[in-house]
Amino acid sequence: MNEPKALIDLIDNKEKLAAMLAPSFPIIFPYPAIITMLRKLGFAYVVEVAAGARKTNKELISLLKSDPNGRCITSPCPTVVRMIKKQMPQYAKYFTHNVDSPMAATAKIVREQYPGYKPVFIGPCVMKKFEATEDVPEPNILVLTYLELSEIFNHYNINEQVNPDDHFDISEPGMTRIYPIDGGLSQSSGLYGQMQDGEIKIVSGAQNNIAAIKEFDTNPKIKLLDILNCSGGCIGGPGIKSNLTIEERKKKILDYYSSQLSTT
Ligand code: SF4
């Protein structure tokens, strides 16, 4: 599917659209200018995916509480999910079944709050396109990368502009805004502070993941493997075009998290 063309068609046909903005957006787009620009494009609503991430965390905590001896590999990263299913299916049993990814959880919020509006996920990840079509087809999510969104802004000659009154229609001014940084799930859910030393392992980067999964399987002390495919987490995703280093991207996320704590 050509997602940018699909979005252009939806915009041109004046369809009802709700944008779901992934929490790595401050690396590319300033806030609240991005909201103004999305409204100019034709989005009636703009929702922060950090809100869905909060639901993800709640579901994960409840899963872990339901089985205190349970051990899990987190599953919001579609690349890791596919790699395990295809190359290491013996470890698929560890996935956090019945825990929605932040994108899927946010789409459910959009469908509940804004019936009839199509959820459009905008983020750093190409593989989310497969998650949307193969894993969670029901909310009918259209997925675009930040890179593709920038091309669409160019297509409609929309430049950076700010209406200071613009803000998220559904926002989450909490710690799930750090979700795209590796370990963001463990930190924002509070699990990192609650579990004992060595019970959580945080890993990111394709070169590290296979060894970490094998270690998880053989070391029962590790209860939770918080794993993302891209180096540094989703802030290193392929849909982000930026010269910033991973540390500089991390700082952008943390600055946004701190500066917006009480203003949304
Ligand atoms: S870590 Fe990379 S591949 Fe995985 S969800 Fe994030 S951006 Fe996508």
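Structure: above.
In this report, we go over the structure that sits alongside the text.

### A closer look at the packing of helix 1 (residues 3-12) against helix 7 (residues 146-155)
Where helix 1 meets helix 7, the axes come as close as 10 Å, and the angle between the chain directions of the two elements is 45°. Here helix 7 runs oblique to helix 1, going by the angle between their axes. Between helix 1 and helix 7 lies a crossing whose hand is right-handed. Residues Glu3, Pro4, Leu7 and Ile8 of helix 1 form the contact with helix 7, whose own contacting residues are Glu148, Glu151, Ile152 and His155. In terms of residue class, the contact of helix 1 with helix 7 is built from 4 nonpolar, 1 polar and 3 charged.

### Looking at the site of the ligand
Taken together, Cys77, Thr79, Pro124, Cys125, Met127, Leu228, Asn229, Cys230, Gly233, Cys234 and Gly237 form the complete shell of residues around the ligand. Here the shell around the ligand is composed, by residue class, of 7 nonpolar, 4 polar and no charged.

### Details of helix 6 (residues 128-135)
Residues Lys128, Glu131 and Ala132 constitute the buried set of helix 6. All buried residues of helix 6 fall inside an arc of 95° around its axis, so they share one side. Looking at the packing, one finds that the buried side of helix 6 touches helix 4 (78-87), helix 5 (102-113), strand 4 (118-123) and strand 5 (142-145).

### Digging into the environment of Glu15
Inspection of the secondary structure assignment puts Glu15 in the loop between helix 1 and strand 1 (17-21). Overall, the presence of 15 C-beta atoms within 10 Å leaves Glu15 in the partly exposed class. Once residues lying within four places of it in the same chain are set aside, the contact partners of Glu15 are Leu10 and Lys118.

### Looking at the sheet that holds strand 2 (residues 45-48)
Pairing within the open sheet is parallel, and its 4 strands lie in the order 2-1-4-5. The open sheet has two edge strands with one neighbour each: strand 2 and strand 5. For this sheet, the mean angle separating the axes of adjacent strands, direction not counted, is 25°. The sheet contact formed by strand 1 and strand 4 spans 5 bridges and is parallel. The partner of Met20 across the bridge, within strand 4, is Phe121. In the packing of helix 5 onto the sheet, contacts are made with strand 1, strand 2 and strand 4, and the angle to strand 1 comes to roughly 150°.

About the criteria used
Residues numbered from 1 in each chain as written. Predicted model: local features only at pLDDT ≥ 70, side-chain atom pairs only at ≥ 80, totals over all residues. Axes fitted to C-alpha atoms, helices over the stretch in contact; angles between N-to-C directions. Helix = DSSP H or I, 4+ residues; strand = E, 2+ residues; numbered from the N terminus. Parallel < 35°, antiparallel > 145°, perpendicular 65-115°, else oblique. Left-handed = near helix turned anticlockwise from the far one by under 90°. Contact = placed C-beta atoms within 7 Å. Nonpolar A, V, L, I, M, F, W, Y, C, P; charged D, E, K, R; others polar. Near = placed C-beta within 6 Å. Buried ≥ 20, exposed ≤ 12 C-beta atoms within 10 Å, placed from the backbone. Arc of directions from axis to C-beta. Pairing = 2+ DSSP bridges.

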